[in-house]
Every structure is written in structure tokens, then in C-alpha cells.
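# Summary of structural features
One-letter residues, chain by chain:
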Amino acid sequence: MQIKLIAVGQKMPSWVNEGYHEYAKRLPHEMKLNLIEIPAGKRGKNTDIERIIQKEGELSLAASKPQDWAIALDIKGKRFTTETYAKRLQHHQKEGHNLAIFIGGPEGLAPACLDRANENWSLSDFTLPHPLVRIILAEQIYRAWSLGKGHPYHK
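These notes cover the structure that comes with them. (Residues numbered from 1 in each chain as written. Predicted model: local features only at pLDDT ≥ 70, side-chain atom pairs only at ≥ 80, totals over all residues. Heavy atoms only, no water.)

Below, the discussion takes up the sheet that holds strand S4 (residues 99-103). The sheet built from five strands is open, its strands ordered S2-S1-S4-S3-S5 with parallel pairing. The open sheet terminates on both sides in strands that have one partner only, identified here as strand S2 (32-38) and strand S5 (119-121). Each strand axis lies, on average, 30° off the axis of its neighbour in the sheet, ignoring direction. Taken together, the four bridges between strand S3 (residues 69-78) and S5 define a ladder with parallel strand orientation. When the bridges of S5 are listed, Ala-72 appears paired with Asn-120. (Pairing = 2+ DSSP bridges. Helix = DSSP H or I, 4+ residues; strand = E, 2+ residues; numbered from the N terminus. Axes fitted to C-alpha atoms, helices over the stretch in contact; angles between N-to-C directions.)

A word on the environment of Ser-146. Mapped onto the elements of the fold, Ser-146 is located in helix H5 (residues 130-148). A polar contact of 2.8 Å, which involves the side chain of Ser-146, links it to the backbone oxygen of Arg-143. (Polar contact = N/O pair within 3.5 Å; in protein donor to acceptor, adjacent residues only side chain to side chain.)

Regular strands show a simple pattern: their side chains alternate between the two faces of the sheet. Pairing geometry for S3 and S4, over four bridges, is parallel. Paired with Trp-69 across the two strands is Leu-99, which belongs to S4. Viewed along the sheet, the connection from S3 through helix H3 (residues 82-95) into S4 turns out right-handed. (Right-handed = clockwise from strand over helix to strand, strands pointing away.)

Below, the discussion takes up the packing of helix H1 (residues 14-24) against H5. Interhelical geometry of H1 versus H5 gives an angle of 15° and a closest axis separation of 8 Å. Classified by the interaxial angle, the pair formed by H1 and H5 is roughly parallel. As H1 packs across H5, the resulting crossing turns out to be left-handed. Taken together, the residues of H5 that come into contact with H1 (itself represented by Trp-15, Val-16, Gly-19, Tyr-20 and Tyr-23) are Pro-131, Leu-132, Arg-134, Ile-135, Ala-138, Glu-139 and Tyr-142. Here the contact of H1 with H5 is built from residues that sort into nine nonpolar, one polar and two charged. (Parallel < 35°, antiparallel > 145°, perpendicular 65-115°, else oblique. Left-handed = near helix turned anticlockwise from the far one by under 90°. Contact = heavy atoms within 4.5 Å. Nonpolar A, V, L, I, M, F, W, Y, C, P; charged D, E, K, R; others polar.)

This next bit is on the nonpolar core. In terms of nonpolar packing, the biggest core is built from 29 residues, with Ile-3, Leu-33, Leu-89, Ile-101 and Ile-141 touching the most fellow members. Of all the secondary structure elements, the ones that give two or more residues to this core are strand S1 (2-8), H1, S3, H3, S4 and H5. Considering each element in turn, this core owes the most residues, eight residues, to H5. In this structure Ile-3 touches Met-31, Lys-32, Leu-33, Asn-34, Leu-89, Leu-99, Ile-101 and Ile-141, once residues within four positions along its chain are discounted. Ile-6, Ile-38, Ala-63 and Phe-102 belong to the second-largest nonpolar core, a separate cluster that totals 11 residues. (Core = buried A, V, L, I, M, F, W, Y, C linked by side-chain atoms within 4.5 Å. Buried < 20%, exposed > 50% of the residue type's maximum accessible area, 1.4 Å probe, protein only.)

Right, let's get into the packing of H3 against H5. Taken N-terminus to C-terminus, the directions of H3 and H5 make an angle of 80°; their axes are 8 Å apart at the nearest point. By the angle between their axes, H3 is roughly perpendicular relative to H5. On H5, the residues that touch Thr-82, Glu-83, Tyr-85, Ala-86, Leu-89 and Gln-90 of H3 are Gln-140, Ile-141, Arg-143, Ala-144, Trp-145, Leu-147 and Gly-148.

Another point: unusual backbone geometry. Glycine aside, negative phi is the norm for most residues, and most peptide bonds take the trans geometry. At Lys-11, a residue that is not glycine, the phi angle is positive and equals roughly 55°. Position of Lys-11 among the secondary structure elements: in the loop between S1 and H1.

With that settled, consider helix H2 (residues 49-62). Taking 1.5 Å as the rise per residue, H2 with 14 residues should run 20 Å; its terminal C-alpha atoms sit 20 Å apart, in good agreement. Looking only at H2, the buried set comprises Ile-52, Ile-53, Glu-56, Gly-57 and Ser-60. An end-on view of H2 places all buried positions within 135° of arc, on one side of the element. The exposed set on the far side of H2, more than 90 degrees from its buried face, consists of Glu-50, Arg-51 and Ala-62. (Expected span 1.5 Å × (residues − 1). Arc of directions from axis to C-beta.)

If you want it as C-alpha cells, here you go:
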């Protein structure tokens, strides 16, 4: 199974990259986690935010494949427990799905990404900093994998 985190934003602080890579490297080859960074549009006082979000969405969609099981992270999405997520991950792995998980920029995801998604998820009722979402999601993917394998990490 290949899991692509398709995230708006580049040039993250070193602590973000280190945190993400710490969990990504723990995953086995059969559950490879790849980060695809989408350049964020320049935002300023007179910026057309809708146009920027649309462009970020186009680039995000281009980074996924039509056969990928697409998941959009959105505040209105469904929340799961770690145990439920572990079962869902096992299901996708058994079905042979590759996942494409869309992480939007400061204003969220483009409507096209939300429309493309097979599922919409929310990590929390809190608004989380987008760089931190990469680390949280990588850790939760590792935790779900370890739970499914009976690894003691989850305890």
C-alpha cells in the first residue's frame, strides 16, 4: 500500500520535517508513506484567495491518481478513534487501495479536492496548524499500523 500525503506548503521548519520523517521511516515497505508538497500560492493584502485555492487544488489533484482512494482533511469531516482507523487502514490494505490524503493550506482545501474525495476526515474539532497536521497524521498512520500488527507502540 502506498499512502500519499498531498500537503499544501513547502519549506517547513526543521522540527516539522524531523517529526514527519521520524514516523514515516518506522513504517514498513509494504505501507510506504510519501509526502508530496504543493507550493502554496502567495498571499497578500489584495490577493484573490479563491483563485489561489483553486490552483492549489489543481496541483493537489494532479499529484493523485484516479485509482487512489482519496481522503480530504476537512473540519466538517468524520472523526475516528485510533482503533477504528486501524481497522479502516487494514481494510484498504486488503482491498489493495493506495491512499491519497489531501491537506489544504491556510484557508482549507479547494472544493475540487473535497468533491474528488471518497471520504472526508477531521482530525480534531480544534483548528490545527497545517505543518503540525503532517506530523499528527504520520504518527496516527504508524500507530494504526502498529495496532493492527499487535505491536506494543499503541499501549
